[in-house]
Amino acid sequence: MLNMEFYRDRKVLVTGHTGFKGAWLCKILLNAGADVTGYSLEPPTKPNLFEISGIEQKMRSVIGDIRDLERLKEIFEEVQPEVVFHLAAQPIVRDSYKDPVYTYETNVMGTVNICECVRMNPCVKSFLNVTTDKVYHNNEWEWGYRETDPLDGYDPYSNSKSCSELVTHSYINSFFNNMDVAVSTARAGNVIGGGDFANDRIIPDCIRAAEKRENIIVRNPYSTRPYQHVLEPLVAYLRIAKEQYGDRRCSGSYNVGPDDCDCVATGELAGIFCECWGEGARWESRSSGGPHEANFLKLDCSKLKKTFGWQPRWHVREAVERTVEWAKAWIAGADMAACMDRQIEEFLNDE
């Protein structure tokens, strides 16, 4: 169990706070009583979870570009954060093919900038850089990648995130090891959950089609991914940041993903969604062409489990059920902040 009391009144900076994962993370932190500042571009979609969640009035929200080092320096100097979560990124594989330069500028130089600000501000005691499961050289093999496996990344998004890992590692060796700060990276699998309105993601595509009573189009039904509810990695991030704050020996690189039984093909995930949604929802396979994407990807999360006693809580079916619950509440005009609070509380109290 994660003791959230650690975060009460603590100054926390979250980059990418207007995104899907960032908004959920800020909601958890605010519920715990943390003093939260976010630094990010404007919300990437309309509608978006940042506005829906009602957190904007409860935290300091700074709209800024992670590529703007001088602005980022100003915010660090003003806020003096103790804990930093770096989530700001260009996160879509297919978009990285469309604009590789922006992807590298954001994901690589953005990491350089955040590391530089951590280096210049001794107030920071715990720093977590969130990357992705796609940082590994993908051999399309059936067993999970471990933190010691080679990094690479085929497409500009995956490769830029591999570079982000290397930047962080260089700063650890060059600077952070001689400072009073603990630094880790977290490589998370594919997340699903309420409030994701992004394009080119399977569950948001399912929800949009189901709401319109159209067939769900799955472009690659046989690609296997480690799907997990968004709260799974976020609570792991909070645990890593907390534990390394008190003991720097806990710092390192960590895979954050579901158990093998929840690494499912995209077509199977779409089938689970249709069962949970009901109302005659159905999917069909229809390739849209497009650039290369990995077909098979799994993570070995033994290190996270051994170090922190961490275990996934919601299996893939329950993760989809919770996502459908959120989406249907949103469509019905329910109080979504209350819905998020309820799901967070249930997750944190679920043994």
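Residues numbered from 1 in each chain as written. Predicted model: local features only at pLDDT ≥ 70, side-chain atom pairs only at ≥ 80, totals over all residues. Heavy atoms only, no water.

Engineer: Mind laying out unusual backbone geometry, listing which residues take part and the relevant values?
Structural biologist: A cis amide bond, omega 5°, links K46 with the succeeding residue P47. In the Ramachandran plot, E279 falls in the positive-phi region, its phi being about 55° despite a non-glycine side chain. With respect to the element layout, E279 can be found in the loop between α9 (266-277) and β13 (283-285). Residue classification places E279 among the partly exposed positions, given a relative accessible area of 47%. (Helix = DSSP H or I, 4+ residues; strand = E, 2+ residues; numbered from the N terminus. Buried < 20%, exposed > 50% of the residue type's maximum accessible area, 1.4 Å probe, protein only.)

Engineer: Let's hear about the side chain of R187: which residues, and what values?
Structural biologist: Inspection of the secondary structure assignment puts R187 in strand β6 (residues 182-188). On the basis of relative accessibility, which here comes to 4%, the residue R187 falls in the buried class. A polar contact is formed between the side chain of R187 and the side chain of E165, at a distance of 2.8 Å. (Polar contact = N/O pair within 3.5 Å; in protein donor to acceptor, adjacent residues only side chain to side chain.)

Engineer: Describe the pairing of strand β11 (residues 253-256), naming the residues involved and giving the relevant values.
Structural biologist: Across a regular strand the side chains alternate sides, sitting on one face of the sheet and then on the other. Along β11, one buried face is formed by S253 and N255 and the opposite face, lined by Y254 and V256, is buried too. In this structure, β6 lies alongside β11, joined through four bridges in parallel fashion. By the bridge assignment, R187 is partnered in β11 with N255. (Pairing = 2+ DSSP bridges.)

Engineer: Explain the sheet that holds strand β2 (residues 35-40) residue by residue, including any values.
Structural biologist: Spatial ordering of the open sheet is given by β3-β2-β1-β4-β5-β6-β11, a layout of seven strands whose pairing is parallel. Each edge of the open sheet carries a strand with a single partner, namely β3 (60-63) and β11. Put simply, the sheet's adjacent strands are angled 15° from each other on average, direction ignored. Two strands pair when backbone bridges link them, and strand β5 (residues 126-130) and β6 are joined in this way by five bridges, in the parallel orientation. (Axes fitted to C-alpha atoms, helices over the stretch in contact; angles between N-to-C directions.)

Engineer: Which residues make up the pairing of strand β1 (residues 11-15), and what are the values?
Structural biologist: Buried residues dominate β1, accounting for four of its five residues. Pairing geometry for β1 and β2, over five bridges, is parallel. For K11, the partnering residue across the bridge sits in β2 and is D35. For the crossover from β1 across helix α1 (residues 20-31) to β2, the handedness is right-handed. Here β1 pairs with strand β4 (residues 83-86) via four bridges, running parallel. If you follow V12 over to β4, its bridge partner there is V83. (Right-handed = clockwise from strand over helix to strand, strands pointing away.)

Engineer: Can you break down helix α8 (residues 231-246) residue by residue, with the values?
Structural biologist: Spanning 16 residues, α8 covers 23 Å between terminal C-alpha atoms, matching the ideal 22 Å at 1.5 Å per step. For α8, the tally of buried residues reaches 13 of 16 residues, placing the bulk of the element in the interior. (Expected span 1.5 Å × (residues − 1).)

Engineer: Mind laying out helix α12 (residues 336-348), listing which residues take part and the relevant values?
Structural biologist: With 13 residues, α12 extends 18 Å between its outermost C-alpha atoms, agreeing within 8% with the 18 Å of an ideal straight helix rising 1.5 Å per residue. All buried positions along α12 are accounted for by M336, A337, C339, M340, Q343, I344, F347 and L348. The buried side chains of α12 occupy one side of the element, clustering within an arc of 160° when seen end-on. Packing partners of the buried residues in α12 comprise α1, α2 (49-52), β10 (228-229), α8 and α11 (316-331). One side-chain oxygen at the N-terminal end of α12 lies 3.2 Å from the backbone nitrogen of A337; it belongs to D335. (Arc of directions from axis to C-beta. Contact = heavy atoms within 4.5 Å.)

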